[in-house]
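# Structure assessment
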Amino acid sequence: FPMSVLEALSLGTPVVVTDSCGLAPVVRDRKCGAVSDTTVRSLADSMKTVLEDAVAMSRDARATATSYSIESVTGTLEAIYESVLESSTPRAKPT
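Residues numbered from 1 in each chain as written. Predicted model: local features only at pLDDT ≥ 70, side-chain atom pairs only at ≥ 80, totals over all residues. Heavy atoms only, no water.

### Digging into the environment of Glu82
Spelled out, the test is: Helix numbers and strand numbers start at the N terminus; a helix is a DSSP run of H or I with at least 4 residues, a strand a run of E with at least 2. Residue burial is assigned from relative accessible area. The probe radius is 1.4 Å, only protein chains are included, and a residue is buried under 20% of its type maximum, exposed over 50%, and partly exposed in between.
Within the secondary structure, Glu82 sits in helix α5 (residues 70-88). Judged by its relative accessible area of 48%, Glu82 falls in the partly exposed class. Put simply, Glu82 and Val40 are 42 residues apart on the chain and 45 Å apart in space, counted from C-alpha to C-alpha.

### Notes on helix α1 (residues 3-10)
Stated precisely, the cut-off is as follows: The arc refers to the directions leading from the helix axis to the C-beta atoms. Whether two residues touch is decided by their heavy atoms; if any such pair falls within 4.5 Å, the residues are in contact.
Turning to α1, its buried residues number three or more, namely Val5, Leu6, Ala8 and Leu9. The buried residues of α1 occupy an angular sector of 160° when projected down its axis, which confines them to one face. Against the buried residues of α1 lie β1 (15-18), α2 (24-31) and α4 (54-66). Positive phi appears at Gly12, one or two residues downstream of α1, with a value of about 80°.

### Re the pairing of strand β2 (residues 33-36)
As a reminder of what qualifies: DSSP-based pairing: two strands are paired if at least 2 bridges between them are found. For crossovers, right-handed means that the path from the first strand over the helix to the second runs clockwise, given strands pointing away from the viewer.
Residues Gly33 and Val35 line one face of β2 and the alternating positions Ala34 and Ser36 line the opposite face, and both faces are buried. With four bridges connecting them, β1 and β2 associate as parallel partners. What sits directly across from Val17, in β2, is Val35. The parallel pair β1 and β2, bridged by α2, forms a crossover whose chirality is right-handed.

### Thoughts on the environment of Pro25
Along the chain, Pro25 falls in helix α2. Measuring from C-alpha to C-alpha, the distance between Pro25 and Thr64 comes to 11 Å, with 39 residues separating the pair along the chain.

### Quick notes on the nonpolar core
Our working definition: By nonpolar core is meant a set of buried Ala, Val, Leu, Ile, Met, Phe, Trp, Tyr and Cys residues that side-chain atoms within 4.5 Å join together.
With twelve residues, the main nonpolar core is built from Val5, Ala8, Leu9, Val15, Val17, Leu23, Val26, Val27, Cys32, Val35, Ala61 and Ala65. Where this core is concerned, the elements lending two or more residues are α1, β1, α2 and α4. The element contributing the most residues to this core is α1, with three residues. Once you skip the residues sitting within four places of it in the chain, Ala8 turns out to touch Thr13 and Val15.

So this is what it looks like as structure tokens:
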């Protein structure tokens, strides 16, 4: 996961990512940045969108970064690990 994207978002800086990098679900097109395909025209349009809506996107950028804080991610990972451990615990056979 590119930390530079989260660092930018945490500072309220909207970002432009490509749809092939796996970050589209994080950026959510036109919420805290823009998602582009890899064509020059699409990248230029995405940059223009970010420049035009930077103030509104800035608030969403900070909120998005907060949802990936160490506290938030740790809680999610703990829940996943606990679920895996519970499902792999051998069960006593009924007698």
